[in-house]
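Take a look at the letters that make up each chain.
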Amino acid sequence: MNAPQTAGFSSGKAPVFDPASARPAVVARRASVIYQAADQPVHALSEVDLTIRQGEFVSLIGPSGCGKTTLLRVIADLEPISSGEVLVNEMSPSEARERRAYGYVFQAPALFPWRTVLANVMLPLQIMGRELSQCEAIAREQLARVGLAGFEKKYPWQLSGGMQQRVSIARALGFEPKILMMDEPFGALDEITRDKLNEQLQQLWLREQRTVVFVTHSIAEAVYLSTRIVVMSPRPGRIVKVIDSPLPFERDLSMRDTPEFARLAQEVREALAEGHH
Ligand SMILES: Nc1ncnc2c1ncn2[C@@H]1O[C@H](COP(=O)(O)OP(=O)(O)OP(=O)(O)O)[C@@H](O)[C@H]1O
């Protein structure tokens, strides 16, 4: 794993995770998921071993059907494992879910069209039983963090796709989850919007030091955002390579033109190709 890179942080800003001392947020040991389909069982995940440390930004990348979403769902207690073990903050995924460890952002923003932007972000906090004024204050703060101050009274359908996705990120961050799970959150967006959101998400991660598990099909996105890239392969769904990023924690989009970025992208591409054989 890489040495912690703290250069460039302004004073008073804590460095992002130190791999040497960070505790494991997620541990999977020989975790398998077999779906019982009508004709034959589907090995969606086969003996996956993976440790994700607190504060890491980990991307899962691989071709369709390699088990990325299944792995995300297993970690978030949305899918049981058939065998093996998964621990989240040293608890079972269901215990972690009860303690509201997760924030989940899906490919489609999944906002309620009849609720305003503010009311959408407030909803999970209200369900948790927080006081209304507190819910509103937190929701306003989270919206400001994703650059949506001033849009509180709008309805989701009055916003662009990228803005809607920022609302769902604000909603997921509202109850301060320890782990942010993101399943291809920007897959449906145009490239320019996607670049902008990638940049904002990277800055958010840098600021908040939250653990992020991120599913993507895009090599460039995985390389730009991640501290570690998990390359997966289908039939059966498995991990073929885990790549530590040598890039510094502070990034901007121009970094994509550097030789280091190109080298890392090439390494991911090769691992994906190997997994296809
Ligand atoms: N509920 C289910 N019942 C049966 N098979 C399933 C179920 N969910 C997923 N699968 C199968 O398990 C495998 C892994 O699916 P999964 O959605 O995790 O892959 P993925 O890598 O996220 O794919 P994509 O990139 O297309 O979203 C696939 O072969 C899929 O068809």
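Residues numbered from 1 in each chain as written. Predicted model: local features only at pLDDT ≥ 70, side-chain atom pairs only at ≥ 80, totals over all residues.

Participant: Just checking my understanding: could you explain the UniProt feature "domain: ABC transporter" (unreviewed entry) in the protein chain for this structure?
Facilitator: Under the UniProt annotation, the feature "domain: ABC transporter" (unreviewed entry) is placed at residues 28–259. The span residues 28–259 is 34% helix and 26% strand, and its two end C-alpha atoms sit 33 Å from each other. (UniProt positions renumbered as here; feature names shortened; annotations may be inferred. Helix = DSSP H or I, 4+ residues; strand = E, 2+ residues; numbered from the N terminus.)

Participant: Just checking my understanding: could you explain the packing of helix H3 (residues 117–127) against helix H5 (residues 161–174) for this structure?
Facilitator: Helix packing for two helices is described by the angle between their axes and how far apart those axes are. Relative orientation of the contacting elements H3 and H5 amounts to 25°, with a least axis distance of 8 Å. Regarding the angle of H3 to H5, the classification is roughly parallel. The interaxial crossing formed by H3 with H5 has right-handed handedness. Contacts from Val117, Asn120, Val121, Pro124 and Leu125 in H3 reach Val167, Ala170, Arg171 and Gly174 in H5. (Axes fitted to C-alpha atoms, helices over the stretch in contact; angles between N-to-C directions. Parallel < 35°, antiparallel > 145°, perpendicular 65-115°, else oblique. Left-handed = near helix turned anticlockwise from the far one by under 90°. Contact = placed C-beta atoms within 7 Å.)

Participant: Would you take a moment to explain the site of the ligand for this structure?
Facilitator: Near the ligand there are 13 residues, and of these Tyr35, Ala44, Ser64, Thr69 and Thr70 occur at the shortest range. Looking at the shell around the ligand, the elements with two or more residues in it are strand S2 (41–53) and helix H1 (68–75). The greatest single-element share of the shell around the ligand, amounting to three residues, is contributed by H1. Among the residues making up the shell around the ligand, the classes are represented as five nonpolar, seven polar and one charged. (Near = placed C-beta within 6 Å. Nonpolar A, V, L, I, M, F, W, Y, C, P; charged D, E, K, R; others polar.)

Participant: I keep staring at the sheet that holds strand S4 (residues 83–88) and nothing clicks. Help me out?
Facilitator: Strands in a sheet are paired, the pairing made by backbone hydrogen bonds, and the direction either parallel or antiparallel. Strand order in the open sheet formed by three strands is S2-S1-S4, and the pairing between neighbours is antiparallel. In this open sheet, the two strands that pair with only one neighbour each are S2 and S4. Between one strand and the next, the sheet's axes are offset by a mean angle of 20°, whatever the strand orientation. Bridging between strand S1 (residues 24–36) and S4 involves five bridges; their strand directions are antiparallel. Across the sheet, residue Val26 finds its bridge partner in S4, namely Val88. (Pairing = 2+ DSSP bridges.)

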